[in-house]
2 protein chains.
Amino acid sequence: MALIVQKFGGTSVGDVERIRNVARRVKETVDANNQVVVVVSARSGVTNELIARAKALNPHPDEREMDMLLSVGEQETIALTAMALHAMGVPAASRTGAQAGILTDIRHTRARIRSISGGDISAQLNAGKVVILAGFQGSSETGQVTTLGRGGSDLSAIAIAAALKADICQIYTDVDGVYTADPRIVPNARKLKTISYEEMLELASSGSKVMQNRAVEFAQKFGVIFEVRSSFNHNPGTIVKEEAASMEDVVVSGVALDKNQTRIVVSDLPDRPGTAAKLFQSIAKADVSVDMIVQNIGRKGLANMTFTVARDDTFRAEQAVANFFGDGEKGAAHFSADDIAKVSIVGVGMRTHTGVAAKLFESLASAGINIQLISTSEIKISVAIAPDDAEEAVRVIHKAFALED
Amino acid sequence: MALIVQKFGGTSVGDVERIRNVARRVKETVDANNQVVVVVSARSGVTNELIARAKALNPHPDEREMDMLLSVGEQETIALTAMALHAMGVPAASRTGAQAGILTDIRHTRARIRSISGGDISAQLNAGKVVILAGFQGSSETGQVTTLGRGGSDLSAIAIAAALKADICQIYTDVDGVYTADPRIVPNARKLKTISYEEMLELASSGSKVMQNRAVEFAQKFGVIFEVRSSFNHNPGTIVKEEAASMEDVVVSGVALDKNQTRIVVSDLPDRPGTAAKLFQSIAKADVSVDMIVQNIGRKGLANMTFTVARDDTFRAEQAVANFFGDGEKGAAHFSADDIAKVSIVGVGMRTHTGVAAKLFESLASAGINIQLISTSEIKISVAIAPDDAEEAVRVIHKAFALED
């Protein structure tokens, strides 16, 4: 008998018919002689309705009250899911985050998990029940309702799997696994059987948003093996786990694309120590995450600093650069911002294989695609290119590394 | 500075605009230098929506899961009400039943309150905050979510008022007080300034459903003074409190009408000890409440037993009587059931005034209304009459006792 955690997102429990489907799938897992903990989100749309009512009453609602408000979405779903299971003859009991002993800090709307006691979940499982746990929520030491922020339900699922030492955590979503590239761009992209936590993290930060990194990091930290799979079919998904020796034979696991980046070029900076630090302090103060950074020396020994940010952050990044200039760094310096796309190849095999970068650049050159920026990590190489070239770049790279099915 | 508990029902918090109105009224009370605890119900309609989803998934939903489900209605309202108060610059914090330490037994969907610690409500009040408490809900010793059944939010309000020793508990509703008769039937009916708990209980059980008796009984037990008033205007309502000496000067406080009763006549029963006990045991076993009971001796020394039940219980009552006959009491006995209306006069002054019954019967006789059954308590006289005569009966009685404005 295995202990399986199954997490279903808002779309999978969007209405009573879909909740019934979820219950059917849980019943199949129970009938195959497994213990099951189900983690569910709020029905899709519910959270937005609640937020709309809150904003109608208060344009800047208190975060504590937002948590009180939003946590009702999951509480509704767990009760309905339990009822659907009962109707199929499956014993089941729902638990809120507080009841499951999901203890968090008090940072409302973005709380961090401190510990998980599990409450009486193990006792319920041993009594032959399915336990349905409300995702996204916890409670503070003083008994306040807290929520875990974006992607919180994935985190709840991974965390309860860790606490209960579950054999596997299945994340049901609207894609049926992690692919070598987005199948909408590369029709013969291949679904990966397994992938390491690190690759999953790099793919996510490179634009393949299957899951929030927070949940993946938690899984990595506690060694929770999880599977990303579809709630709409029974295909096996992609297993995410600690890197295995065999994985290194595969040089590149996938090609990721992030089309929502802006490149900012700050030119003619005085080339002296501390300039870069000052510039990026100003940007950090504006709460903007910087992705790729390249510095080089331009005319007259002045430095050019080029970096990329998420497109949504462009305005705040520009203000931060303006503040930096206002802060004494005037000179002849100026800056410009334009849209770019970031294409990345990810794979743990890069650590031990050479020539990966060369093959990447060759493939783009042969397609006449100009590279504007390059950045690398141990298991990733990213290039910034013109957005119009992005999809073609993904296709030629996918072919060059023979990732197709 | 007074401590005031204000309870608003589902209609009063039915949408964001009404929630804002509630917040305005609370702010007025705060601005008049009072501490305020607000108790709110679920938005009207929400509970029915939740029940509809539950029934779609399971025709007989588990009661524990129903409590988990239904308690989200109030949790939404408390958060929204707090946000509305914040928008008006009033410090406020919401609390669930569990957070307020409303400890109940484990009888899901109809839990009884065992104790109320109040949680940190006093501390919040002393810190200058309005506390918004979710009505209708509590939690069991093992931390399960429970609900208090019909009229539960009134009970929550009275109970928290008792626990906090509030100066008064205001029950805001869609009528603006307790009247000498239903103003739709008697246009010149008068709003009562004060009324005793006992009269309120008798009026409620006689068809004037302003509040559930459970909340009134709780108020009486703990001496909580409460006021029934309208959430749609600022008129003073009706104060309900312990009987005062001056109340006895008023013989009759009001006339109540219950049109939803059925009279059941069981004829030709053997007139021997134990027959009545056996009959009503059978009815009690069917979970049917009997209201008026009259026994008399008919032809050949056989007994006739006449009693009334709520119309909704007619079928179960008939089945119970049939079971009773099946249980050995055959003989020539038979039974019939027909609709009746019950008209009652209520007043603590009856205890010390004579001739009240005579005046009641006279007034009905002069209007040509036939009395089918009579029952009396210390502060109430009820008569069962034909439904078609009901409204006319209320009017002539109201006039006879000079209750008009």
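Cut-offs applied
Residues numbered from 1 in each chain as written. Chains lettered and ligands numbered in written order. Predicted model: local features only at pLDDT ≥ 70, side-chain atom pairs only at ≥ 80, totals over all residues. Helix = DSSP H or I, 4+ residues; strand = E, 2+ residues; numbered from the N terminus. Rg over C-alpha atoms; globule rule 2.2 N^0.38 Å. Buried ≥ 20, exposed ≤ 12 C-beta atoms within 10 Å, placed from the backbone. Contact = placed C-beta atoms within 7 Å. Pairing = 2+ DSSP bridges. Axes fitted to C-alpha atoms, helices over the stretch in contact; angles between N-to-C directions. Core = buried A, V, L, I, M, F, W, Y, C linked by C-beta atoms within 7 Å. Nonpolar A, V, L, I, M, F, W, Y, C, P; charged D, E, K, R; others polar. Parallel < 35°, antiparallel > 145°, perpendicular 65-115°, else oblique. Left-handed = near helix turned anticlockwise from the far one by under 90°. Expected span 1.5 Å × (residues − 1). Least-squares fit on C-alpha atoms with pLDDT ≥ 70 in both. Arc of directions from axis to C-beta. pLDDT = per-residue confidence, 0-100.

## What about the overall build of chain A?
Then, number 1: Helix and strand counts for chain A come out as eleven helices and 18 strands.
Then, number 2: For chain A, whose C-alpha radius of gyration is 24 Å, the value lies close to the compact-globule estimate of 22 Å for 405 residues.
Then, number 3: A principal-axis box enclosing the C-alpha atoms of chain A has dimensions of 75 × 50 × 30 Å.
Then, number 4: Taken across its 405 residues, chain A has 49% of its residues classed as buried.

## Description of the environment of B:Ala256
Residues and elements named next belong to chain B.
Then, number 1: Here Ala256 lies in strand E13 (residues 254-269).
Then, number 2: Overall, the presence of 25 C-beta atoms within 10 Å leaves Ala256 in the buried class.
Then, number 3: For Ala256, the contacting residues outside a window of four places in its chain are Leu203, Ser206, Gly207, Ser208, Ser344 and Val346.

## Examining the sheet that holds strand E6 (residues 130-134) of chain B
Hydrogen bonds between backbone atoms are what pair the strands of a sheet, whose relative direction is either parallel or antiparallel.
All names here are of chain B.
Then, number 1: An order of E3-E6-E2-E1-E9-E11-E12-E10 is seen for the eight strands of this open sheet, with the pairing classed as mixed. Because the sheet does not close on itself, it has two edges, and the strands there are strand E3 (92-95) and strand E10 (194-196). Shown here is a sheet whose adjacent strand axes are inclined to one another by a mean of 20°, direction ignored.
Then, number 2: Direction of pairing for strand E1 (residues 3-8) relative to strand E2 (residues 35-40): parallel, over a ladder of six bridges. Residue Leu3 lies in a different strand from E2, and its bridge partner there is Gln35.

## Some details on the nonpolar core
Then, number 1: In this structure, A:Ile158, A:Ile160, B:Ile158 and B:Ile160 are the most contacted members of the largest nonpolar core, which totals 246 residues.
Then, number 2: With sequence-adjacent residues up to four places away left out, B:Ile160 is seen in contact with B:Val5, B:Val37, B:Val39, B:Ala100, B:Ile116 and B:Leu133.

## Here we look at the interface of chain B and chain A
Then, number 1: Residue-level contacts link 28 residues of chain B with 28 residues of chain A.
Then, number 2: Those elements that place two or more of their residues in the side of chain B that touches chain A are helix H1 (16-31), helix H2 (46-57) and helix H3 (63-87) of chain B.
Then, number 3: Counting residues per element, the side of chain B that touches chain A draws most heavily on H3(B), which supplies 14 residues.
Then, number 4: Tallied by class, the residues present in the side of chain B that touches chain A amount to 17 nonpolar, six polar and five charged.

## Section: the packing of helix H8 (residues 275-285) of chain A against helix H9 (residues 314-326) of chain A
Relative placement of two packed helices is described by the angle separating their axes and the distance separating the axes.
Residue and element names in this part refer to chain A.
Then, number 1: Their axes nearest at 8 Å, the elements H8 and H9 cross at an angle of 135°. One element, H8, and the other, H9, form an angle in the oblique class. Crossing angle aside, the handedness with which H8 passes H9 is right-handed. From H8, Lys278, Leu279, Ser282, Ile283 and Lys285 reach across to H9, where they touch Ala317, Ala320, Asn323 and Phe324.
Then, number 2: In terms of residue class, the contact of H8 with H9 is built from five nonpolar, two polar and two charged.

## Observations concerning H3(B)
All names here are of chain B.
Then, number 1: Its 25 residues give H3 an end-to-end C-alpha distance of 37 Å, which sits within 8% of 36 Å, the value for a rise of 1.5 Å per residue.
Then, number 2: Of all 25 residues in H3, 22 are buried; the element is thus mostly enclosed.
Then, number 3: Immediately beyond the C-terminal end of H3, within one or two residues, lies Gly89, with a positive phi of roughly 80°.

## Here we look at the relation of the copies chain B and chain A
Then, number 1: The two copies are related by a screw motion: chain B maps onto chain A through a turn of 180° and a shift of 0.1 Å along the axis, at an RMSD of 0.2 Å. The superposition operator between the copies reduces to a two-fold rotation axis. Scanning chain B for the C-alpha nearest the rotation axis identifies B:Val72, at a separation of 2.7 Å.
Then, number 2: Same-surface contact between copies: 100% of interface residues of chain B are shared with the interface of chain A.

## Looking at the pairing of E3(B)
Residue and element names in this part refer to chain B.
Then, number 1: Residues Ala92 and Ser94 point to one face of E3 and Ala93 and Arg95 to the other, with burial holding for every one of them.
Then, number 2: Here E3 runs beside E6; their pairing, made up of four bridges, is parallel. Counterpart to Ala93 in the pairing with E6 is Val131.

## Digging into the pairing of strand E15 (residues 303-310) of chain A
Then, number 1: Where strand E13 (residues 254-269) of chain A lies against E15(A), seven bridges are found, and the strand directions are antiparallel. When the sheet's bridge partners are listed, A:Arg263 is paired in E15(A) with A:Thr308.

## What to know about the sheet that holds strand E14 (residues 290-297) of chain B
All names here are of chain B.
Then, number 1: The strand order E14-E15-E13-E16-E18-E17 describes an open sheet built from six strands, whose pairing is antiparallel. Bordering the open sheet on either side are E14 and strand E17 (373-377), each of which pairs with just one other strand. If you compare each strand with its neighbour and ignore which way they point, the axes differ by 25° on average.
Then, number 2: Pairing geometry for strand E16 (residues 334-346) and strand E18 (residues 380-385), over six bridges, is antiparallel. Residue pairing for E18: Lys342 is matched across the bridge by Ala384.
Then, number 3: Packing of helix H6 (residues 197-205) onto the sheet brings it into contact with E13, E16, E17 and E18, and relative to E16 it is tilted by some 145°.

## Points about the packing of helix H5 (residues 152-164) of chain A against helix H7 (residues 213-222) of chain A
Residues and elements named next belong to chain A.
Then, number 1: Following both chains from N to C, one finds H5 and H7 inclined at 10°, their axes separated by 8 Å at the closest point. Relative to H7, the element H5 lies roughly parallel. On the side of H5, the interface is formed by Asp154, Leu155, Ile158, Ala159 and Ala162, while H7 contributes Arg214, Ala215, Phe218, Ala219 and Phe222.
Then, number 2: A breakdown of the residues in the contact of H5 with H7 according to their chemical character gives eight nonpolar, no polar and two charged.

## Let's talk about the environment of A:Leu269
Then, number 1: With respect to the helices and strands, the residue A:Leu269 is situated in strand E13.
Then, number 2: Residue A:Leu269 is classed as buried on the basis of its 24 C-beta neighbours within 10 Å.

## Topic: H2(B)
Residue and element names in this part refer to chain B.
Then, number 1: With twelve residues, H2 should cover 16 Å at 1.5 Å per step; its first-to-last C-alpha distance of 17 Å lies within 8% of that length.
Then, number 2: Those residues of H2 lying buried are Leu50, Arg53, Ala54 and Leu57. Buried residues along H2 cover an arc of 100° about the axis, so they all sit on one side. Exposed side chains of H2 directed beyond 90 degrees from the buried face belong to Asn48 and Ala52.

## Things to note about the confidence of the model for chain A
Then, number 1: Confidence along chain A averages 92 in pLDDT terms, with 98% of residues attaining 70 or more.
Then, number 2: Among the prediction metrics, the complex's ipTM stands at 0.85, with pTM recorded as 0.86.

## Brief notes about unusual backbone geometry
Then, number 1: In this structure, A:Ala402 is a non-glycine residue whose phi angle is positive, near 50°.
Then, number 2: Assignment of secondary structure puts A:Ala402 in the segment after helix H11 (390-400).
Then, number 3: Positive phi, close to 60°, is recorded for B:Asp268, a residue that is not glycine.
Then, number 4: Mapped onto the secondary structure, B:Asp268 falls in strand E13.

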